[in-house]
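Observations on chain architecture
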There are 2 protein chains.
Amino acid sequence: MKTSITQLFNIKYPIIQGGMIWISGYKLATAVSNAGGLGLIGAGSMYPKVLREHIQKAKKATDKPFGVNVPLLYPNVEEIMQIIVDEKIKIVFTSAGNPKTWTSFLKEYGVTVVHVVSSVKFALKAQEAGVDAIVAEGFESGGHNSREETTTFTLLPMVKEKIDIPLIAAGGIATGRGMLAAIVLGADGVQMGSRFVASSEASAHTNFKQAVVNTQDGDTFLTLKELAPVRLIKNQFFNDLEKFYQQLPSKEQLITFLGKARAKKGMFEGDLEEGELEIGQIAGLIHDIKPVRDIIDEIITEYGFVKASL
Amino acid sequence: MKTSITQLFNIKYPIIQGGMIWISGYKLATAVSNAGGLGLIGAGSMYPKVLREHIQKAKKATDKPFGVNVPLLYPNVEEIMQIIVDEKIKIVFTSAGNPKTWTSFLKEYGVTVVHVVSSVKFALKAQEAGVDAIVAEGFESGGHNSREETTTFTLLPMVKEKIDIPLIAAGGIATGRGMLAAIVLGADGVQMGSRFVASSEASAHTNFKQAVVNTQDGDTFLTLKELAPVRLIKNQFFNDLEKFYQQLPSKEQLITFLGKARAKKGMFEGDLEEGELEIGQIAGLIHDIKPVRDIIDEIITEYGFVKASL
């Protein structure tokens, strides 16, 4: 399987594991890289010191390429970027912010930079900023998302039509069928988040992994659009939030209502009632928790089988 | 191209033209059928007498199979159903209502019945009701839509996993690539709406057809969720509606605000300011208005080309 994405990262399969807060530490990232994909350490939920530890552990756990995902709205993003270049990280995925600010800095250090977007407009801006590839992420994705609500099925060909650099599809992909469909729609590779949450190596709490397996279609919803839109499992916290919305809260009141560390509480500590549980719609197609290697093998097998059956 | 859908309807290509109010009269439906797909007369915006005329004209305009789309919430749906059996229509697509109520009636008259759903739950209900096939329609689709917001990319494999009858994909499909991706995800055929709005034979006003061509990603939004969710182009009326929402209107106030015949005003009479303009997200990939035969030829050519390139 040779695509512009396998070549860009020097990996076996065009499968990238999305950087996810509280989920993707060095264990998950290196398991994905060792299985032939590209693993990403998610810096978003890590103190700088913790990120450095994860990077150093990752280097010992794999000799394959891996990267770091950096949400550009991270409060002390400068510190994170300094660690990345100090530690000689060669692949960085940026999201949730302006790619102009950091792309040239990273590229001076020989870093391959990829930016996550959810519209054609921002895909073009990222390309202009000089990134090496783009992740186009659809409305069905878990975690943070776009206000415009453009879905993977429509976003991919619209972005592909306008950009010249390699394109990675994200949002709604968890299987070999999904990977092939994304490639048909114009992608050169795929990024998967939800599927890797339900893996042995994810640092998610077992309760959350099991909740992902139990999730069916219609069980998630995109909310908190006034802050940063996020797709959540409809649990007690989500229902309380919906009720709170009926009082027409201000932004500040919403922030207060959320309180601190909701995502950690849900995804890392396993509080399924009061925690924030970020996951994509495709959770409805995920039925088991298993090792990363089995997940990737299954995807590659299904991909080949479906392709041959066309 | 032989699939369970081409066999079910005895058509050349597994391409169905969605039944759309103010858009799909006998001209569009028979053009699609004559080009090898399956055309549907959209009964939703027709008085019973008008529907009968369109059916009779369609019979003269094609010797190929065609059908009628019936929104089950139509006020005098009994009259519509009577016309359908009187006129010996053999294919009916039902939507927006309970498929139990009419499926057995229609099947007694030898009608092939297809029901449109937007969730796994309703797909199973439709299968139990005895329909011959299911249309699974994603959140990106134009016109009426689901509150659960499940997208085509995730809905298709989730429905496919649970049902045994043929599956038609809808929402976000306008090209050969899109058709192939839908088939990869588990569909046996596709239903396209938006693409056929921008056709010479659609009864849409030229202004509306041109508006579809001008639409880009992010230019549509799903609204009116309290009544029946509908995806609209963000025009003056949409913006006024968004402002009105800030007053927290009751359902009744919303209905009054809408007034009568908004969709007709926009889509049929071409009032782009005050009318309701229903279209799917994939409008961003539609760049020209052309005859149905050219649209279908292009889709089939692209489908073959992309398939061969995998």
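Throughout, a residue's number is its position along its own chain's written sequence, starting from 1. Lettering for chains starts from A, numbering for ligands starts from 1, and both go in the order in which the items are written. Given that the model is predicted, a residue must reach a pLDDT of at least 70 before its local features are reported, and side-chain atom pairs must reach 80 or more before they are shown or counted; all residues, however, enter totals for whole chains, interfaces and linings.

Describing the sheet that holds strand β11 (residues 230-233) of chain B
To be explicit about the condition: Here, any two strands with at least 2 DSSP bridges between them count as paired. In this description a helix means any DSSP run of H or I spanning at least four residues, a strand means any run of E spanning at least two, and both kinds are numbered starting from the N terminus.
Read from one edge of the open sheet, three strands run β7-β11-β10 (chain B), paired in antiparallel fashion. Only two strands of the sheet have a single neighbouring strand rather than two, namely β7 (143-144) and β10 (220-223) of chain B.

Here's the deal with the relation of the copies chain A and chain B
Going by this rule: When the copies are superposed, the least-squares fit draws on C-alpha atoms of residues that have pLDDT of at least 70 in both. By the criterion used throughout, residues are in contact when their C-beta atoms, derived from the backbone, lie within 7 Å.
The operation relating chain A to chain B is a screw motion whose rotation component is 180°, with 0.0 Å of axial translation and a residual RMSD of 0.0 Å. Expressed as a symmetry operation, the mapping of one chain copy onto the other fits a two-fold axis. The rotation axis passes nearest to the C-alpha of Ala181(A) in chain A, at a distance of 2.2 Å. A shared binding surface is used by both copies, with 100% of the interface residues of chain A retained as interface residues in chain B.

Observations regarding the confidence of the model for chain A
Formally: Along the chain, pLDDT gives the predictor's confidence residue by residue, from 0 to 100.
For chain A, the average pLDDT comes to 96, and 100% of its residues sit at 70 or higher. Here the prediction assigns the complex a pTM of 0.97, and the interface score ipTM is 0.96.

A short note on the sheet that holds strand β10 (residues 220-223) of chain A
Residue and element names in this part refer to chain A. Read across the open sheet, the three strands follow the order β7-β11-β10; overall the sheet is antiparallel. Sheet topology places β7 (143-144) and β10 at the edges, where each strand pairs with a single neighbour. Examined bridge by bridge, β10 and strand β11 (residues 230-233) share four bridges and lie antiparallel to one another. What sits directly across from Phe 221, in β11, is Leu 232.

Looking at the pairing of strand β4 (residues 91-95) of chain B
All names here are of chain B. To keep it simple, the criterion reads: The burial criterion counts other C-beta atoms lying within 10 Å of a residue's C-beta, which is placed from the backbone; the residue is buried at 20 or more, exposed at 12 or fewer, and partly exposed between these limits. Orient the strands so they point away from the viewer; a crossover is then right-handed if the path from the first strand over the helix to the second runs clockwise.
Most of β4 is tucked away, with five of its five residues classed as buried. Both faces of β4 are covered, namely the face carrying Ile 91, Phe 93 and Ser 95 and the face carrying Val 92 and Thr 94. In this fold, the crossover linking strand β3 (residues 66-71) to β4 by way of helix α4 (residues 77-86) has right-handed handedness. Bridge analysis of β4 against strand β5 (residues 112-117) gives four bridges, and the strand direction is parallel. Bridge pairing in β5 links Thr 94 to His 115. For the crossover that starts at β4, traverses helix α5 (residues 100-108) and ends in the parallel β5, the hand is right-handed.

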